[in-house]
Amino acid sequence: ATSLRFFMAYEKAGVPFTPEKYKQEQYRVRSADCDMYNVLFQARVPSMMETCHPGEAMSFYVNIRMSVRPGDVLQVHVFEDKDSALFICLRGKEPVLTAVGRYVAGPISQEAMKCASIRLP
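These lines cover the structure that appears in this document, whether it is placed above or below. These figures come from a predicted structure and were not determined experimentally.

## Thoughts on the overall build of the chain
Link 1 in the chain: Summing up its helical and strand segments, the chain has 2 helices and 5 strands in all.
Link 2 in the chain: Secondary structure elements of the chain, listed N to C terminal, follow the sequence β-α-β-β-β-β-α.
Link 3 in the chain: A total of 121 residues make up the chain; the buried ones form 39% of that total.
Link 4 in the chain: Excluding contacts between residues fewer than 6 apart, the proportion of contacts in the chain whose partners are at least 24 apart in sequence is 68%.
Link 5 in the chain: When the accessible surface of the chain is summed, it comes to about 7200 Å², and 55% of that surface belongs to carbon and sulfur atoms.

Structure (structure tokens):
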């Protein structure tokens, strides 16, 4: 049976994503982060997350869960391991955006991508 989950297209690393550090940042969505309809533009998310976790990401997976607009204030929870960072962005108590960035050469692992793909309450 073939799974239709997107992360299944990526290879397993064989170890779970295990963050070593945690920090919390705040990000206010700018109009430049959005498209002409004032909706968050997916390609801007890596730049947004770079303000919360400086570094040059080699690859990024983005999961926009709910509409995000200019002026929205996001609490960004950053979970880091040596190669990657998981971002969980809340607007109030709503998880509106999850993402994972990889900061070294090589693909994002299935395990890290699953963390950004799970359904949050």
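## Topic: the sheet that holds strand β4 (residues 84-91)
Link 1 in the chain: Pairing is antiparallel across the open sheet formed by 5 strands, whose spatial order is β1-β3-β4-β5-β2. Each edge of the open sheet carries a strand with a single partner, namely β1 (21-28) and β2 (59-64). Averaged over all pairs of adjacent strands, the angle between strand axes in this sheet comes to 20°, irrespective of strand direction.
Link 2 in the chain: Relative to strand β5 (residues 94-102), β4 runs antiparallel, the two sharing 8 bridges. Opposite Leu86, over in β5, you have Val100 as the bridge partner.

So, how was this worked out
Residues numbered from 1 in each chain as written. Predicted model: local features only at pLDDT ≥ 70, side-chain atom pairs only at ≥ 80, totals over all residues. Heavy atoms only, no water. Helix = DSSP H or I, 4+ residues; strand = E, 2+ residues; numbered from the N terminus. Buried < 20%, exposed > 50% of the residue type's maximum accessible area, 1.4 Å probe, protein only. Contact = heavy atoms within 4.5 Å. Areas by Shrake-Rupley, 256 points an atom, 1.4 Å probe, with all protein chains shown as cover. Pairing = 2+ DSSP bridges. Axes fitted to C-alpha atoms, helices over the stretch in contact; angles between N-to-C directions.

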